[in-house]
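Descriptive analysis of the structure
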Amino acid sequence: MTEPAMVDRGIQSLVTASKHLKSSLEKSKAIGSALERTGPRFDEVEQRLPSLEAAVRPIRADREALAAVGGHINRAVGPAAAVLKVFDAVHGLEKSLLSDPRNDLSGYLAVLKRLEEALKFLGENCGLAIQWLEDIVEYLEDHNVADLKYLSNLKKSLKGLREFQEEKARLDGGLRDAALDKLEKEFRRLLKDNSVPLPMASPPSLGEQACIAPSQLPVTVIHKLQAILGRLRANNRLEKCVSIYVEVRSSNVRASLGALELDYLDISVTEFNDVQSIEGYISQWGNHLEFAVKHLFEAEFKLCNDVFERVGLNVWLDCFSKIAAQAGMLAFLKFGKTVTDSKKDPIKLLKLLDIFTSLNKLRADFNRLFGGAACVEIQNFTRDLIKKLIDGAAEIFWELLVQVEIQKQIPPPSDGGVPRLVSFVTDYCNKLIGDKYKSTLTQVLLIHKSWRSERFQDNQLMVEVLRIIKMIEQNMDVWMKAYPDQTLAHFFGMNNHWHLYKSLKGTRIGDQLGDSWLKEHDQYKEYYATVFLRDSWGKLPSHLSREGLILFSGGHATARDLVKKRLKSFNVAFDEMYKKQSMWVVPEKDLRERVCQQIVQAVVPVYRSYMQNYGPLVEKDASSSKYVRYTVVALEKILSSLYVPRPMRYGSFKGTPPPSEKLKNDVDLRRTTSAVV
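Since this is a predicted model, take the numbers as computed values, not measurements. (Residues numbered from 1 in each chain as written. Predicted model: local features only at pLDDT ≥ 70, side-chain atom pairs only at ≥ 80, totals over all residues. Heavy atoms only, no water.)

Let's talk about the overall build of the protein chain
We apply this condition: Helix and strand assignments come from DSSP, with helices taken as H or I runs of at least 4 residues and strands as E runs of at least 2, each series counted from the N terminus. Each residue's exposure class comes from its accessible area (1.4 Å probe, protein chains only) as a fraction of the maximum for that residue type: buried when under 20%, exposed when over 50%, partly exposed otherwise. It only takes one pair of heavy atoms within 4.5 Å for two residues to be counted as in contact. Here the Shrake-Rupley method, with its probe set to 1.4 Å, supplies the accessible areas, and only the displayed protein chains count as covering residues.
Helices and strands together make up the secondary structure of the protein chain, namely 24 helices and zero strands. Scored against the burial criterion, the 677 residues of the protein chain give a buried share of 43%. Looking at the protein chain alone, contacts between residues at least 24 apart form 84% of all its contacts between residues at least 6 apart. Counting every atom, the protein chain has about 36,900 Å² of accessible surface; 53% of that belongs to carbon and sulfur.

Here it is, written out as structure tokens:
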């Protein structure tokens, strides 16, 4: 190559290098200008570097870890999303469940069931979702896939969720409890609005086939109660339901019984002297108890079964037992026990038999209504009461003979009438053998003997009663001999033999004693009546003797003096006789009328004839009133009114007294001095 060529080539190279340098300088200048313009942004970039580093960390992570993290996230996010969806659904039920159930009970229960299902899902899946989220956080942390601060925040959130999930009651924010409270209130409202006391002032007549009260709640209401009960039971609120039911229904039964005025059930032994003073209450007690069992507790028993039948036998029986106890069933039994604790007397035996009869009549009902294990308190109380009734009745009965025998030591009545012991015992024994008490007393004595492993003969009751009657005969003989006045003794014998004859004729006791025994007492009555009349009023006519009286026309002084003397003697004898016997009594009206008639027939005809014949002799005398003290009519009236029992005589005893008053005047077979007098 020539030198010029080489120079040209060199120049060309320099030109090229110069252009390149010039271009580089221009680029450098442009870069410098650009750097100068971007300088202020460096600080911002520097501040964002940590977050950018965190963002690109997965790029730096292990490829296998990055490949696995997607699956972990997908498995955790699916259940978590489902849980969140259910939470949203629960929130959507709030308005419906906070409304009043009465507006649409079936709809309300359906919504509540949806809530229960949602809560069940949350309870079963919330923990699982949290566990999976915790697993993915742990995975991210172990493989440095996420920023530590980010992971820390996640852990705090998951910890709060875990604590929230463990308090299951907070899953719905208390919505279920609020809804259940509303259902309890609706349960109570339905019961109260449909529980109406029976409107009556006294129990209806109870025959052999007493009507049973129908269920006191409509079928539609029962179905609603059952539906509510089902939901409350599913949420462990059965006990509260039972408590509400018992409270409302027992209150309703008490209100029904309250109309019967049962304050007497609370009477104590110290508040009465003997059973006679509360005899009326005992009669009411039997009717009230039968009404309570057959009309009220029978209905409650059926209603408990209707409402709680789906829950189980033990539940509704326990519910009924609580209603029976709280409504006052025990008060009935306690009253019966109060009667058994009172002091002994014969009337108490009859009342104990009345109570036993009432309980025995209801035995099948008691066994059916109160026979379950839940009613053990009522069973025990009833069992103890029946034992006291049987022991008390048997003890009084077997002591009757001894108590009657003891009374012969007491003086006979001064009025010659029938001792209260005689009238009471004859009437009492007739009652014991009568239709009302015989079978019950026989049953009681049979049970009492069996408890003592002793044998009771079929006719033992009648045998014992006949022994009591014959003891009365012995007492009468003793009392007759105790009178110092034989006229009064005969008067007493007439009264009492007639009383035995009349009281026992045509009765079971009289049939057992026989016609000869009855005729014997009738004959004794006739005998003593004849002797009494002969030895008392029969002597009066002798004072009006006609011996020595000669009537002349216009009268005669000697005859007049004799008539005066004999009339005076008659008056004195009559006054003494009347004064003596005016306090005597013949209790039996038919006998009294007959005796008075015999006395009138014995005295008045003689007196009438005497006055007709000799009265004119003294009637003209100025002192005639001293001798003619009685007209024939007045004398007959006086004699006809003899022997009337004093209460009737003075007008304070009107008709036949009610049983309660009669018993107050009857004899007390305890050892008292008032038994015969």
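Some remarks on the nonpolar core
We apply this condition: Throughout, nonpolar core names a set of buried Ala, Val, Leu, Ile, Met, Phe, Trp, Tyr and Cys residues whose side chains join them through atoms within 4.5 Å.
Counting 160 residues, the largest nonpolar core has Trp-537 and Tyr-643 as its most contacted members. Other than its neighbours up to four places away in sequence, Trp-537 contacts Phe-532, Phe-574, Met-577, Tyr-578, Gln-581, Ile-599, Val-603, Leu-639, Leu-642 and Tyr-643.

Some words on the side chain of Thr-426
The criterion, for reference: In the analysis that follows, any N or O atom pair within 3.5 Å is treated as a polar contact, provided that within protein one partner can donate a hydrogen and the other can accept it, and provided that, for residues neighboring in sequence, both atoms belong to side chains.
Inspection of the secondary structure assignment puts Thr-426 in helix H14 (residues 420-433). A polar side-chain atom of Thr-426 sits 2.9 Å from the main-chain carbonyl oxygen of Val-422. Setting aside anything within four residues of it in sequence, one finds Thr-426 in contact with Ile-469, His-499, Leu-500 and Ser-503.

Some points on the pattern of salt bridges
To keep things clear, this is the line we draw: Salt bridge criterion: a side-chain nitrogen from Lys or Arg within 4 Å of a carboxyl oxygen from Asp or Glu.
A full pass over the atoms with the stated rule returns 34 salt bridges. Between Glu-454 and Arg-452 there is a salt bridge; the shortest N-O distance is 3.8 Å. As a salt-bridge pair, Arg-534 and Asp-535 come within 2.9 Å of each other at their nearest N and O atoms.

What about helix H9 (residues 313-327)?
To be explicit about the condition: One fewer than the residue count of a helix, multiplied by 1.5 Å, yields its expected span.
An ideal rise of 1.5 Å per residue puts 21 Å on 15 residues; H9 measures up with 21 Å between its terminal C-alpha atoms. Taken together, the buried positions of H9 are occupied by Trp-316, Leu-317, Cys-319, Phe-320, Ser-321, Ile-323, Ala-324 and Ala-327. Where H9 is buried, its residues touch helix H7 (238-258), helix H8 (279-308), helix H10 (329-341), helix H12 (363-370) and helix H13 (376-406). Directly beyond the C-terminal end of H9, a positive phi value near 115° is found at Gly-328.

Quick notes on unusual backbone geometry
Of note, Asn-236 is a non-glycine position whose phi angle comes to about 60°, a positive value. With respect to the element layout, Asn-236 can be found in the loop between helix H6 (219-234) and H7. In the Ramachandran plot, Tyr-643 falls in the positive-phi region, its phi being about 65° despite a non-glycine side chain. By the secondary structure assignment, Tyr-643 is in the loop between helix H22 (632-640) and helix H23 (646-649). A relative accessible area of 0% places Tyr-643 in the buried class.

Thoughts on the packing of H13 against H14
Filter applied, for reference: Inter-axis angles, ranging from 0 to 180 degrees, are taken between N-to-C directions of lines fitted to C-alpha atoms, where helices are fitted over the stretch in contact. Put simply, angles under 35 degrees are roughly parallel, angles over 145 are roughly antiparallel, angles from 65 to 115 are roughly perpendicular, and the rest are oblique. By convention, the crossing between two helices is left-handed when the near helix turns anticlockwise from the far helix through less than a right angle, and right-handed when the turn is clockwise. In this count, Pro and Cys sit with the nonpolar residues alongside Ala, Val, Leu, Ile, Met, Phe, Trp and Tyr, while Asp, Glu, Lys and Arg are called charged and the others, Gly among them, polar.
It is the contact of H13 with H14, at a shortest axis distance of 13 Å, that shows an interaxial angle of 155°. Relative to H14, the element H13 is oriented roughly antiparallel. Crossing geometry of H13 relative to H14 is assigned as left-handed. Every residue of H14 that contacts H13 at Phe-397, Leu-400 and Val-404 is listed here: Leu-421, Val-425, Tyr-428 and Leu-432. By residue class, the composition of the contact of H13 with H14 is seven nonpolar, no polar and no charged.

Any functional reading would require information that these geometric values do not contain.
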